Amino acid sequence: MIKKVRGLLIGRMQPVHKGHIEIIKKTLESVDEIIIGVGSAQLSHTIKDPFTAGERIMMLNQSLVEAGIDNGRFYIIPMEDINMNSIWVAHVSSLTPPFTKVYSGNPLVQRLFYEKGYEVYAPPLFNREQLSGTEVRERMINGEDWESLLPNATVEIINEIDGLNRIRQLSKKEVSER
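How each quantity is defined
- Residues numbered from 1 in each chain as written.
- Predicted model: local features only at pLDDT ≥ 70, side-chain atom pairs only at ≥ 80, totals over all residues.
- Heavy atoms only, no water.
- Helix = DSSP H or I, 4+ residues; strand = E, 2+ residues; numbered from the N terminus.
- Rg over C-alpha atoms; globule rule 2.2 N^0.38 Å.
- Buried < 20%, exposed > 50% of the residue type's maximum accessible area, 1.4 Å probe, protein only.
- Contact = heavy atoms within 4.5 Å.
- Areas by Shrake-Rupley, 256 points an atom, 1.4 Å probe, with all protein chains shown as cover.
- Pairing = 2+ DSSP bridges.
- Axes fitted to C-alpha atoms, helices over the stretch in contact; angles between N-to-C directions.
- Salt bridge = Lys/Arg side-chain N within 4 Å of Asp/Glu carboxyl O.
- Arc of directions from axis to C-beta.
- Right-handed = clockwise from strand over helix to strand, strands pointing away.

## Here we look at the overall build of the protein
Summing up its helical and strand segments, the protein has seven helices and five strands in all. Along the protein, from the amino end to the carboxyl end, the secondary structure elements read β-α-β-α-β-α-β-α-β-α-α-α. Over its C-alpha trace the protein gives a radius of gyration of 17 Å, about what one expects of a compact globule, namely 16 Å for 178 residues. Counting only residues that meet the buried cut, the protein has 43% of its 178 residues in that class. When contacts within the protein are restricted to residue pairs at least 6 apart in sequence, long-range pairs at least 24 apart make up 69% of them. When the accessible area of the protein is evaluated, it comes to approximately 9,900 Å², of which 49% is carbon and sulfur surface.

Given below as C-alpha cells:
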C-alpha cells in the first residue's frame, strides 16, 4: 500500500475567494490530499467573521468542485480556536486525518508546527492586494464590486443566505434611543 502525502492548510475563509482556490490548487501539486481547516469556526455574525463555519464549508466544497478538484482529494474540517499556543498543534492534529506537511503564511502557525517536527511551507499568495477576505468584506459593505473576487459558487451561497445584507447590517453603528 502506498502512503498518501497529506498537507494541512488552515484559513478563516471569510469568505472563500479566488486566492484561496488558487492556493489549494497549487498545494495539490505537491500533496496527494489536502486537509483544509476552517479556522475560527466558533465565530460568525461579526464584520471580521460574518459567515458561520457551516456556510464557509459549503462555500469551500462547492467552489472546489466548481474548480474541477476531485472531492476525494480534500477534507474540510471546522476548527475552533483554543487560544493556547503550546497545545494548539495537538488540538489541530486531534481533529484531522494524519498529515506531514503544513502550508501557512502565518508566522506563528509556521513556528508552532515547525517546533513539532512538521514540514512547513509558505504558499504563494495570488493577487493579495485584491484577493483578501478583508478587501472582499469592505467591498460588500461599500457597495463595490465584490463578486468578481469570488468563485461563482461562493457568490451563489452568499446570495442564498442573504450574506450581503447580513454584513451590511453588521457594519452599521448601533443607534441609541433618544
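## Details of the sheet that holds strand β5 (residues 119–121)
Strand order in the open sheet made by the five strands is β3-β2-β1-β4-β5, with parallel pairing throughout. The open sheet has two free edges, formed respectively by β3 (74–78) and β5, since each of these has just one partner strand. Averaged over all pairs of adjacent strands, the angle between strand axes in this sheet comes to 20 degrees, irrespective of strand direction. Here strand β1 (residues 6–11) pairs with strand β2 (residues 33–38) via six bridges, running parallel. When the bridges of β2 are listed, Leu9 appears paired with Ile36. Packing against the sheet, helix α2 (residues 53–66) makes contact with β2 and β3, and its axis sits at approximately 170 degrees to β3.

## A closer look at the pattern of salt bridges
For the structure on display, the rule yields eight salt bridges. Two residues, Arg6 and Glu33, come together in a salt bridge whose shortest N-O distance is 2.6 Å. Highlighted residues: Arg6 in strand β1 and Glu33 in strand β2, separated in sequence by 27 residues. What emerges from the salt-bridge pattern is a single network uniting Lys4, Arg6 and Glu33.

## Topic: helix α3 (residues 85–95)
What α3 keeps buried is the set Trp88, Val89 and Val92. The arc enclosing the buried residues of α3, seen along the axis, measures out at 95 degrees, which places them on a common side. Away from its buried face by more than 90 degrees, α3 exposes Ser86, Ala90 and Ser94.

## Observations regarding the environment of Ile77
Assignment of secondary structure puts Ile77 in strand β3. Counting along the chain gives 20 residues from Ile77 to Ile57, while the straight-line C-alpha distance between them is 7.9 Å. Beyond its immediate chain neighbours, meaning those up to four positions away, Ile77 contacts Ile35, Ile36, Gly37, Val38, Leu95, Thr96 and Pro97.

## Description of the pairing of β3
Two elements, β2 and β3, share five bridges in a ladder whose sense is parallel. Looking at β3, one finds that Ile34 is bridged to Phe74. The handedness of the β2 to β3 crossover, carried by α2, is right-handed.

## As for helix α6 (residues 152–160)
Ala153, Thr154, Val155, Ile157 and Ile158 are the residues of α6 that are buried. Residues of α6 that are buried sit in contact with α2, α5 (133–142) and α7 (163–171).

## Concerning the environment of Ile47
Positionally, Ile47 belongs in the loop between β2 and α2. What makes Ile47 partly exposed here is its relative accessible area of 33%. Spatially, the C-alpha atoms of Ile47 and Leu170 are 6.2 Å apart, while their sequence positions differ by 123 residues. Setting aside its immediate chain neighbours within four residues, Ile47 contacts Arg137, Ile141, Ile167, Leu170 and Ser171.

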